[in-house]
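# Structural features, examined
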Amino acid sequence: MSLDAIYWKPGWVASDTGEFHERVTEAALRPQWIMDGNYISTGAGELRRQICDRVIWFDLPRRTCVLGIARRIAGSYGQVRPEMAEGCPERIDLEFFRYVWTYRQQQRPKLLKYFEGLRPDQSLVCFTDRTQASLYLKELSRMPHAASIH
């Protein structure tokens, strides 16, 4: 599930912190889950870190991310993507481009600090390109326990 779908309300209205935390808690208490998104500063990050068995981090180069956003906008502008909240069509969002552009300087250090809080029984899987992720998922799908991964 996408945390963006949980966070945003129709018309790109942000959820308040309490409501968002409640919705993330509900999702995280399911027996199995995969959540897409950071949102570590809202309290949702701490909850997910406490419950998860694995964190998968896409530490991709700026160029890859910016080109990916541009392709996504070109392919779905004005439409609501399946992983997004209802009423939130794809748009050009300069604030989001700025977030991605400054990610390595501003957000990445916060995530590295966040990862320090993982327990020894939790794993951190890091991808620096999309090919690594594809190979990982292909290998994971062959494993008998793949259906039980959070």
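See the structure above.
Everything quoted here is computed from the prediction, not taken from an experiment.

### Things to note about the environment of Arg 54
Tracing the backbone through its elements, the reader meets Arg 54 in strand β3 (residues 54-58). Placed 64 residues apart in sequence, Arg 54 and Leu 118 show a C-alpha to C-alpha distance of 9.0 Å. Within polar-contact distance, the side chain of Arg 54 engages the side chain of Tyr 136 at 2.6 Å.

### Topic: the pattern of salt bridges
With the rule as written, the count across this model stands at 10 salt bridges. In this structure, the salt-bridge partner of Arg 72 is Glu 90, at a minimum N-O distance of 3.4 Å. You can see Arg 72 sitting in helix α4 (residues 62-76) and its partner Glu 90 sitting in the loop between α4 and α5 (94-101), a full 18 residues away along the chain. A relative accessible area of 30% means that Arg 72 is categorised as partly exposed. Here Asp 93 and Arg 91 are joined by a salt bridge, their closest N and O atoms 3.3 Å apart. Arg 91 gets classed as partly exposed once you look at its relative accessible area, which sits at 30%. By sharing partners, the salt bridges in this structure join Arg 72, Arg 81, Glu 83 and Glu 90 into a single network.

### Quick look at the packing of aromatic side chains
Evaluation of the coordinates by the stated rule reveals 11 aromatic pairs. Ring geometry for Phe 96 against Tyr 99: centres 6.1 Å apart, planes inclined by 15°, an arrangement best described as stacked. Here Tyr 99 and Phe 96 lie together in helix α5, a separation of 3 residues that amounts to about one turn. Aromatic ring contacts, followed pair by pair, group Tyr 7, Trp 8, Trp 12, Phe 20 and Tyr 39 into a single cluster. Between the NZ or CZ atom of Arg 62 and the centre of the ring of Trp 101, over which it lies, the distance is 4.0 Å. Over the ring of Trp 12 we find Arg 91, and its NZ or CZ is 4.2 Å from the ring centre.

How each quantity is defined
Residues numbered from 1 in each chain as written. Predicted model: local features only at pLDDT ≥ 70, side-chain atom pairs only at ≥ 80, totals over all residues. Heavy atoms only, no water. Helix = DSSP H or I, 4+ residues; strand = E, 2+ residues; numbered from the N terminus. Polar contact = N/O pair within 3.5 Å; in protein donor to acceptor, adjacent residues only side chain to side chain. Salt bridge = Lys/Arg side-chain N within 4 Å of Asp/Glu carboxyl O. Buried < 20%, exposed > 50% of the residue type's maximum accessible area, 1.4 Å probe, protein only. Phe/Tyr/Trp six-rings, centres within 6.5 Å; stacked < 30°, edge-to-face > 60°. Lys NZ or Arg CZ within 6 Å of the ring centre and 35° of its normal.

Read these as geometric descriptors, not functional statements.
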